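Reading the structure
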Amino acid sequence: MSSFSGDETAPFFGFLGAAAALVFSCMGAAYGTAKSGVGVASMGVMRPELVMKSIVPVVMAGVLGIYGLIIAVIISTGINPKAKSYYLFDGYAHLSSGLACGLAGLSAGMAIGIVGDAGVRANAQQPKLFVGMILILIFAEALALYGLIVGIILSSRAGQSRAE
């Protein structure tokens, strides 16, 4: 007889949500960093004095991985079936939380990478485009922030399935 309370398979979905948040967010961060980093390297050949100014997309892409890490930690600390019952509702809440944050981070990373690459190269030819590039990058980063917010809200729903 085990001291497990709740549904036996529910933690699988919770841990899958934690993994999805981290993996997909880091995939977006990696793609955004690589794609915009190629643009920075290409631009550095033409205008080396603008390299430090053009690192902004790389930094913004790196932040996406942190969003996934935050949600993964929140989810993993909420999974302790020996201390408190953990039901399928809780597992599904954590899975949806992880997917919301992770997939939003992946899409934001793709947007940041594409805009960062093209924007940095265009900025080397026309410096007046810098502010426009930064604004587009901010809106792309906001997509991941929306996923983080929704992920936190969904994760907080876990544990509210049954009155104990």
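Residues numbered from 1 in each chain as written. Predicted model: local features only at pLDDT ≥ 70, side-chain atom pairs only at ≥ 80, totals over all residues. Heavy atoms only, no water.

Convention followed: UniProt positions are given in the numbering used here, feature names are shortened, and annotations may be inferred rather than shown by experiment.
Identification of the protein as V-type proton ATPase proteolipid subunit from Ananas comosus is taken from an unreviewed UniProt entry. Within the UniProt record for the protein, the comment given under Sequence similarities (unreviewed entry) is "Belongs to the V-ATPase proteolipid subunit family." Quoted verbatim from the Function (unreviewed entry) field of the UniProt record, the comment on the protein reads "Proton-conducting pore forming subunit of the membrane integral V0 complex of vacuolar ATPase. V-ATPase is responsible for acidifying a variety of intracellular compartments in eukaryotic cells."

**Section: the UniProt feature "domain: V-ATPase proteolipid subunit C-like" (unreviewed entry) in the protein**
What counts is decided by this rule: In this text, helices come from DSSP runs of H or I with a minimum length of four residues, and strands from runs of E with a minimum of two, each type numbered from the N-terminal end.
As recorded in UniProt, the feature "domain: V-ATPase proteolipid subunit C-like" (unreviewed entry) lies at residues 16-75 and 96-154. As annotated, residues 16-75 comprises 85% helix and 0% strand, and the C-alpha atoms at either end are separated by 10 Å. Segment residues 96-154 splits into 93% helix and 0% strand. End C-alpha atoms: 7 Å apart.

**Looking at the UniProt feature "transmembrane region" (unreviewed entry) in the protein**
Feature annotation in UniProt places "transmembrane region" (unreviewed entry) on residues 12-34, 55-75, 95-117 and 129-154, given in this structure's numbering. The span residues 55-75 is 95% helical and 0% strand by assignment, and the distance between its end C-alpha atoms comes to 32 Å.

**Structural notes on the packing of aromatic side chains**
Worth spelling out the cut-off: Only rings of Phe, Tyr and Trp enter the pairing, Trp through its six-membered ring, and a pair is recorded when the two centres are within 6.5 Å. The plane angle decides the type: under 30 degrees is stacked, over 60 is edge-to-face, the rest tilted. A simple rule labels every residue: compare its accessible area, found with a 1.4 Å probe on the protein chains alone, to the largest value its type can have, and call it buried under 20%, exposed over 50%, or partly exposed in between. The rule is short: NZ of Lys or CZ of Arg within 6 Å of the ring centre and within 35 degrees of the ring normal puts a charge over the ring.
Enumeration according to the criterion identifies two aromatic pairs in this entry. For the ring pair Phe12 and Phe13, a centre distance of 5.3 Å and an interplane angle of 75° mean the geometry is edge-to-face. Residue class for Phe12 comes out exposed when judged on its relative accessible area of 52%. Counting every residue linked through ring pairs, the aromatic cluster contains Phe12, Phe13 and Tyr92. Sitting above the plane of the Phe130 ring, Lys53 keeps its charged end 4.5 Å from the centroid.

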